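Working through the structure, step by step
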Amino acid sequence: MSSKSVTLKKVTKTFEDDHGKQVHAVEDIDLVIKEGEFATLLGPSGCGKTTTLRMIAGFEDISNGDIYFGNENVNKISPNKRDCTMVFQSYALFPHMTVYENVVYGLKIKKMSKEDMDKKVDAIFDIMNLNMHKERMPNQLSGGQQQRVALARALVMEPSVLLFDEPLSNLDAKLRLTMRDEIRRLQQRVGITAIYVTHDQSEAMSMSDKVIVMNKGKIEQIGTPQEIYQRPSTKFVADFIGTANFFEGEIIEVTLDELVVQTSQATFTVASYGSFKKGDSVILVVRPEAVSLNEEGTYKAKVTKSVFMGQLQEYEVNFKGQDFQFNVYNPMGEKVYQEGDTVGLVFNKNSLHVIKKS
Ligand SMILES: Nc1ncnc2c1ncn2[C@@H]1O[C@H](COP(=O)(O)OP(=O)(O)OP(=O)(O)O)[C@@H](O)[C@H]1O
Ligand SMILES: [Mg+2]
């Protein structure tokens, strides 16, 4: 299969709300998704993910800007000529057709010879392990199987770009995990460009080469899952991805490899990166895994909650007037503290992160 890059230049979508007022669902989006890349649009409900995807697919006109597949501007190209297919949350299978008929449907419309059609369908059924279900009707399949058929139906068309809008949200938690792996493996195997929409951050982190975090119609940050998690560029991103505790403070010293941050609770030393200078107002981001406990630690805090979660102990402590949460992994080998205990906190400077206060 061939794959293509997808480029968005200053793409805007304006809708009219119920009072006739113009609202930007998507505003000035600049984005490049490379050939064969798995990119995920991630963000809270209403931030513009589906609208962006539908503009890429051609289901929605764009109000302003340009969209390219490879070097070709596709603004005026209709969805069925756009060399991409979309997999929906609701599968959208034809209920009165067998699995085989569902998958072959698009090829029939293309007026392909029976021989070629069968070859292509067989190949996809092999890849996707669907051979034994060929003659079944969609309502005789589980949700996961139906979604695999929907995926096969999209792939058999050999598009250069595959689009997904929350394809796993109708499945139960366990199946979602399996399907995640399956979609990712399949995408890598056929080398297709994939653009995936979800509001589930762990789905985005585990599947993507590139994560595009959106908020209120705009892009907050684009990066690898590691960059987004470890080096969020805004408080919104830090808060949306994983769990984070925030301390407001000021940079009081910048050395070659360290930043020193003064907050009202304590002085923190952070491994240096980015461009910060003395006097900058900042927000210190402390992830739940950045803390360990030590009886002698100088940063004393009071335990307000201690919950055993199996692989980790979840703590909430009050540290000089501010509540914050962290986890101790593999608590079996550690002393477990209870509500009311006083503990000493040790912060791992490599896991701390600083954001400029805007
Ligand atoms: N056809 C439309 N007419 C008017 N407003 C619309 C239309 N479609 C979307 N919107 C508005 O545009 C904004 C973005 O919607 P969109 O569906 O892209 O969000 P989303 O990120 O996909 O959210 P969700 O996670 O809930 O699916 C929302 O405020 C929505 O109400
Ligand atoms: Mg949506």
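Here is what the cut-offs are and how they apply
- Residues numbered from 1 in each chain as written.
- Chains lettered and ligands numbered in written order.
- Predicted model: local features only at pLDDT ≥ 70, side-chain atom pairs only at ≥ 80, totals over all residues.
- Heavy atoms only, no water.
- Axes fitted to C-alpha atoms, helices over the stretch in contact; angles between N-to-C directions.
- Helix = DSSP H or I, 4+ residues; strand = E, 2+ residues; numbered from the N terminus.
- Parallel < 35°, antiparallel > 145°, perpendicular 65-115°, else oblique.
- Left-handed = near helix turned anticlockwise from the far one by under 90°.
- Contact = heavy atoms within 4.5 Å.
- Nonpolar A, V, L, I, M, F, W, Y, C, P; charged D, E, K, R; others polar.
- 1 Å grid on protein atoms, 1.4 Å probe; cavity = no way out; pocket = protein on both sides within 12 Å on 5 of 7 lines; lining within 4 Å.
- Points joined across faces, edges and corners; volume = space filled by probe spheres on them.
- Core = buried A, V, L, I, M, F, W, Y, C linked by side-chain atoms within 4.5 Å.
- Buried < 20%, exposed > 50% of the residue type's maximum accessible area, 1.4 Å probe, protein only.
- Pairing = 2+ DSSP bridges.
- Domains from an automatic or database assignment.
- Buried area = accessible area lost by both parts, 1.4 Å probe.
- Salt bridge = Lys/Arg side-chain N within 4 Å of Asp/Glu carboxyl O.

Before going further, it helps to spend a moment on the packing of helix α2 (residues 99-109) against helix α4 (residues 143-155). Direction vectors running N to C along α2 and α4 enclose 25 degrees, while the axes themselves pass 8 Å from each other. Compared by their axis directions, α2 and α4 come out roughly parallel. When you trace α2 past α4, the crossing you get is right-handed. For the pair α2 and α4, the contacting residues are Val99, Asn102 and Val103 in the first and Val149, Ala152 and Arg153 in the second. Classifying every residue of the contact of α2 with α4 by side-chain character gives four nonpolar, one polar and one charged.

With that out of the way, let us pick up empty space enclosed by the protein. For the coordinates displayed, the defined rule picks out one cavity of 30 Å³ or more. Looking at the largest cavity, its volume works out to about 40 Å³. Forming the walls of the largest cavity are Leu151, Leu155, Leu162, Phe164, Ile183, Leu186, Gln187, Val190 and Ile192. For the lining of the largest cavity, the elements supplying multiple residues, two or more each, are α4, β7 (161-165) and α5 (173-190). A total of four residues in the lining of the largest cavity trace back to one element, the largest contributor, which is α5. Grouping the constituent residues of the lining of the largest cavity by class yields eight nonpolar, one polar and no charged.

Moving on: the nonpolar core. Counting residues in hydrophobic clusters, the biggest one holds 35 residues, and the most contacted among them are Val121, Met128, Leu155, Phe164 and Ile183. For this core, the elements supplying multiple residues, two or more each, are α2, α3 (114-127), α4, β7, α5 and β8 (193-198). The leading source of residues in this core is α4, at six residues. Leaving out residues up to four positions away in the same chain, Met128 has contacts with Arg148, Leu151, Ala152, Leu155, Glu182 and Leu186.

Another point: the sheet that holds strand β15 (residues 291-293). Across the sheet, which stays open at both edges, the five strands sit in the order β15-β19-β16-β17-β18 with antiparallel pairing between neighbours. In this open sheet, the two edge strands, each paired with only one partner strand, are β15 and β18 (322-329). With direction set aside, neighbouring strand axes in the sheet form an average angle of 45 degrees. Bridging between strand β16 (residues 299-308) and strand β17 (residues 312-319) involves six bridges; their strand directions are antiparallel. Bridged to Lys305 within β17 is Glu316.

Here we come to the pairing of β7. Judged by how many residues are buried, β7 sits mostly within the fold: five of five residues are covered. Residues Val161, Leu163 and Asp165 point to one face of β7 and Leu162 and Phe164 to the other, with burial holding for every one of them. Of the strand pairs in this sheet, strand β6 (residues 84-87) and β7 are connected by four bridges, and their pairing is parallel. Directly across from Val87, in β7, lies its bridge partner Phe164.

For the chain, the domain assignment lists domain 1 (6-235) and domain 2 (243-356). For domain 1 and domain 2, the distance between their C-alpha centroids amounts to 39 Å. Contact with domain 1, which involves eight residues of that partner, is made by eight residues of domain 2. For the pair domain 1 and domain 2, the summed buried surface comes to about 750 Å²; carbon and sulfur atoms form 55% of the total.

The next thing to look at is the pattern of salt bridges. Tallying each qualifying case throughout the model produces 14 salt bridges. A salt bridge links Asp209 to Arg184, with the nearest nitrogen and oxygen atoms 2.8 Å apart. Placement of the pair is Asp209 in the loop between α6 (201-207) and β9 (210-215) and Arg184 in helix α5, with a sequence separation of 25 residues. The residue Glu295 makes a salt bridge to Lys335 at a minimum N-O spacing of 3.7 Å. Separated by 40 residues along the polypeptide, Glu295 in the loop between β15 and β16 and Lys335 in the loop between β18 and β19 (342-347) bring together distant segments of the chain. What emerges from the salt-bridge pattern is a single network uniting Lys13, Arg54 and Glu60.

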